[in-house]
Amino acid sequence: MPPADKIIQLRKILAERFPQGTLPTSTFLSTGVTGLDHSLGGGLRRGAVAQVVVPHPSGGSALLLHDIIQTMQHRFVALIDGKNSFEPLAETPFLLWLRCQNATQATRAADLLIRDGNFALTILDLKQNSPRELRKIPATTWYRLQRVVEETRATLLLLTRYYISGSSYIALQINEHLQMRDLSQISSVISDSLPIEFLYRKTFVEAEYASA
Amino acid sequence: MPAHKTRLFAVIYTPYYRLQCARQKRLHALPEAVTACNQLELSIENSMVESSVSLSVKVEEDKPAALLDAEGTRIIEVNPVAAAAGIEIGVTTSLALARTSELQLFASATELEHHQQSALLQLCYRYSPYLENTAAGVCTLDLQGRKGDNQEWWARELLAQWRSFGFIAQVGIGPNPEVAWQAAKIANPFLQVTAASSLLQSLPLESLNPSPYLFDILRNWGIRTLGALTRLPREEIGQRLGLEGLSLWDRAAGKSKNVLKQTQPPETFIETVDLEHRLETLEPLLFLLRRFLERLSLRIAAVYRLIAEIRLTLALEDGEKIVRNLQIPAPTREVEALFRIASQYLDTVQTSAPIVGFELEAIPSNPGQNQFDLFQSGLKDPNRFFQTLARLAALLGNEQIGIPEKLNTHKPDSVRLRMPTFDWSGTDQAKHKQLRIGVPLRRYRPALPVEVQLNKEKPIWICGQTVTGQVRVARGPWRTSGNWWNADRWDTQEWDVELEDGALYRLAFNTGRWVIVGVYD
């Protein structure tokens, strides 16, 4: 078993043995995607990094992205587009779109935006970035981002094709393979039925919640 | 029976004002003074409703000081220590120095006097809109409408604010401007008196500045104090000394009928300094910047305005001037936000010569009105956001950041980014989640060129650098074209294809070549 899988297994065991405490509703930021919110236990946690892994090229990550952005109608959302691949569909007056050319640029931009503290949600979309690029990002970068997020009480959602960040409090995987017939379906129906799996969820002591 | 309403007036009096201005100029002008000021104990508490400022400045008040005239030969103003040492106004410099070797001599700072007088009026405006610009360093306030007997708290607050500008002053309150001014002159630092106050009666006659002729007559009569004068019958004074005598008697008795020459505080907010030693590093300049911003912020707050723009002027040793206007995205008077913006600019400035002068002007604006609904919220810190935006622009480029806006065309991928304003006005607040059909596309920018094999005009095989495979399902073509009448002509046919690995792509044929424009994800 590769080391990464061992860590995931270990985290799963820990999650089962030390189940998560109940957090107040204000701690969560609803994504508007029923399945995702359910898996996240109410939404994205403020002051934490969450990661969603979508391995398949047509796995529904853009669908998820658009749904989240549309839900956050009255909140300021920043989308850090790691490969300049976002296609705006509807009018999104409170979305700040940052078109990056590579993952390094994107993580630097994320650092600046999270420190700013003005955005309810920051989405770092690295789905289209190659594994080689992602491997170049030092692990310390993710820990630094986690620290900043904790400090500013911001919310960072990381979208990737591969599991990369050990600093996220939760990692979910979407194992969807969209098909041609989905192109003529109502998008919310597809997104609500996305098959979401846990990669891992960190356990937290109640005291840590209290201080959060 | 209606209660008798007593009008009150307040006078803030800055003794030896011109000398204090000159001292201020010296304090700012010397780099060593600036460094010493770093040790100042400064605490400012500012709120929308109430502002209290306390600042302890180690000014050398115990040293004799005197102000020189324009020629630099005679003394025109002295502080109490110098006066106690026997230095009189009008004596020559050499004579004054002969009296005490510790005497500090200052040249007058006319421009600073003017700016600080404006600052005084602006600070006073916070407490009363009815002001008189009485004299240099003196401002009279009509306190009509200010209820309550306790006037001391706001007077002390005003004094503390004026102290933060480096000035020691006194406040007197009385039933008319004359009495208030007399009270201010003897206040320590606050005094509220009535017209019949014994304290006023004991004041010397000189305090009313009578004409020399009248003063001599009264002295010859043995009149030394205001009380002695008012004990004489008014009519008799009028018969012997005329209108001038009557006016003096009225003033001494606190019955002066003078009305205020009302003025509005000036709308200019400038802090300036001419440095005696050139500045070559940023640190002292940043210290001056912060201090000036604190003062400007206080002045702006006093007139209920916000700072919309900062004009920063650096005078260089070679005569050149660098002027920069810094727009404040969200007008504010928060010192930290303003300091961040100005210091960020100063960090990037490269000068051809050392700095010998620094001026900061705040351009005010009215507070904006923004009413959010239940679900709306503004940016927590708009100024910080626009700073972050500038940093992001430096990292990614200006054209790579913004709010996406679709262009009014059917041409694929027609989107532009506009500068964020995050203004709620004009947005449809009742917008609900729209029903969307299909799966969004992730675009490849630029599109990926591919070789496509067709069968009966349908793609069956794709071969490219990153995407290769057999086409399992293909839908299309969808033909679009436009702008055939100008150079931006476009004509494309698009296919949705599903490859054998299950990935869904949008394939396009335009200008004679096949490209993958994006992946459905």
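Residues numbered from 1 in each chain as written. Chains lettered and ligands numbered in written order. Predicted model: local features only at pLDDT ≥ 70, side-chain atom pairs only at ≥ 80, totals over all residues. Heavy atoms only, no water.

Q: I tried to follow the overall build of chain A on my own but got confused; where do I start?
A: Broken down by element type, chain A carries 8 helices and 9 strands. In chain A, which comprises 212 residues, the share counted as buried stands at 59%. Residue pairs at least 24 apart in sequence account for 71% of intrachain contacts in chain A once pairs closer than 6 positions are excluded. For chain A, the accessible surface area stands at approximately 8,600 Å², while carbon and sulfur atoms represent 53% of it. (Helix = DSSP H or I, 4+ residues; strand = E, 2+ residues; numbered from the N terminus. Buried < 20%, exposed > 50% of the residue type's maximum accessible area, 1.4 Å probe, protein only. Contact = heavy atoms within 4.5 Å. Areas by Shrake-Rupley, 256 points an atom, 1.4 Å probe, with all protein chains shown as cover.)

Q: For this particular structure, what's the right way to read the packing of aromatic side chains?
A: In this description, a pair of aromatic rings is defined by centroid distance and the angle of the planes. The final tally for this structure, using the stated rule, is 12 aromatic pairs over all chains. Seen from their ring centres, Tyr163 of chain A and Tyr200 of chain A are 5.7 Å apart, and the 90 degrees between their planes marks the pair as edge-to-face. Residue Tyr163 of chain A is located in the loop between β7 (155-160) and β8 (170-174), and its partner Tyr200 of chain A is located in strand β9 (residues 196-201); the two are separated by 37 residues in the primary sequence. Note on Tyr163 of chain A: relative accessible area 28%, which makes it partly exposed. Relative accessible area serves as the criterion here: at 1%, Tyr200 of chain A is assigned to the buried category. Note on Tyr17 of chain B and Phe167 of chain B: the rings are 5.6 Å apart at their centroids and 25 degrees apart in plane angle, and the pair reads as stacked. Highlighted residues: Tyr17 of chain B in helix α1 (residues 17-29) and Phe167 of chain B in the loop between α6 (152-164) and β9 (170-174), separated in sequence by 150 residues. (Phe/Tyr/Trp six-rings, centres within 6.5 Å; stacked < 30°, edge-to-face > 60°.)

Q: What exactly am I supposed to notice about the sheet that holds strand β11 (residues 262-263) of chain B here?
A: By way of backbone hydrogen bonds, the strands of a sheet pair with one another, either parallel or antiparallel. All names here are of chain B. One open sheet holds the 6 strands; their spatial order is β10-β9-β1-β8-β7-β11, and the pairing between them is mixed. For this open sheet the edge positions go to β10 (190-192) and β11, each flanked by a neighbour on one side alone. By the bridge criterion, 5 bridges tie strand β1 (residues 9-13) to strand β8 (residues 138-142) in an arrangement that is antiparallel. Within the sheet, the bridge partner assigned to Ile12 lies in β8 and is Cys139. Contacting β1, β7 (131-135) and β8, helix α5 (residues 110-125) runs over the sheet at an angle of about 150 degrees to β7. (Pairing = 2+ DSSP bridges. Axes fitted to C-alpha atoms, helices over the stretch in contact; angles between N-to-C directions.)

Q: How do you make sense of the interface of chain A and chain B when you look at a structure like this?
A: You'll often see interface size given as the accessible area lost when the parts meet. The interface of chain A with chain B comprises 61 residues on the first partner and 60 residues on the second. Surface buried jointly by chain A and chain B totals about 5,400 Å² across both partners, of which 57% is contributed by carbon and sulfur atoms. The interface formed by chain A and chain B includes 4 salt bridges. Two residues, Arg443 of chain B and Glu87 of chain A, come together in a salt bridge whose shortest N-O distance is 2.7 Å. Joining chain A to chain B, the criterion identifies 25 residue pairs in polar contact (both at pLDDT 80 or more). Only α3 (61-71), β5 (95-99), α4 (103-116) and α7 (187-192) of chain A provide two or more residues apiece to the side of chain A that touches chain B. Residue contributions to the side of chain A that touches chain B peak at 8 residues, all from α3 of chain A. In the side of chain A that touches chain B, the residues fall into 27 nonpolar, 23 polar and 11 charged. With 2 bridges joining them, β5 of chain A and strand β16 (residues 401-406) of chain B adopt antiparallel strand pairing. Bridging across to β16 of chain B, Trp97 of chain A finds its partner in Gly402 of chain B. (Buried area = accessible area lost by both parts, 1.4 Å probe. Salt bridge = Lys/Arg side-chain N within 4 Å of Asp/Glu carboxyl O. Polar contact = N/O pair within 3.5 Å; in protein donor to acceptor, adjacent residues only side chain to side chain. Nonpolar A, V, L, I, M, F, W, Y, C, P; charged D, E, K, R; others polar.)

Q: What should I look at first to understand the side chain of Ser297 of chain B in this one?
A: All names here are of chain B. Within the fold, Ser297 resides in helix α12 (residues 282-302). Within the structure, Ser297 has its side chain in polar contact with the backbone oxygen of Arg333 (distance 2.6 Å). Those residues within four positions of Ser297 in sequence are excluded, and the remaining contacts are Ile307, Arg333 and Val335.

Q: Got a minute to help me understand the pairing of strand β17 (residues 415-418) of chain B in this structure?
A: Walk down a regular strand and you will see the side chains alternate between the two sheet faces. All names here are of chain B. Here β17 shows a clear split, with Val415 and Leu417 buried on one side and none of Arg416 and Arg418 buried on the other. Of the strand pairs in this sheet, β16 and β17 are connected by 4 bridges, and their pairing is antiparallel. Following the sheet pairing, Ile403 is matched in β17 by Arg418.

Q: Before we go on, may I ask you to explain the pairing of strand β18 (residues 441-455) of chain B in this structure?
A: Residue and element names in this part refer to chain B. As defined by bridge partners, β18 adjoins strand β23 (residues 513-520) across 5 bridges and the pair is classed as antiparallel. If you follow Arg442 over to β23, its bridge partner there is Val519. Bridge analysis of β18 against strand β19 (residues 458-464) gives 6 bridges, and the strand direction is antiparallel. Its bridge partner lying in β19, Val450 is registered against Gly464. In sequence, β18 turns back onto β19 through a hairpin of 2 residues, with Lys456 there showing a positive phi of about 50 degrees.

Q: Sorry, what's going on with the sheet that holds β7 of chain A here?
A: In spatial order, the strands read β9(A)-β8(A)-β3(A)-β7(A)-β6(A)-β4(A)-β5(A)-β16(B)-β17(B); together these 9 strands make up an open sheet with mixed pairing. Unpaired on one side and paired on the other, β9 of chain A together with β17 of chain B mark the two borders of the sheet. The average angle at which neighbouring strand axes cross in this sheet is 30 degrees, direction not considered. Two elements, strand β4 (residues 77-81) of chain A and β5 of chain A, share 5 bridges in a ladder whose sense is parallel.

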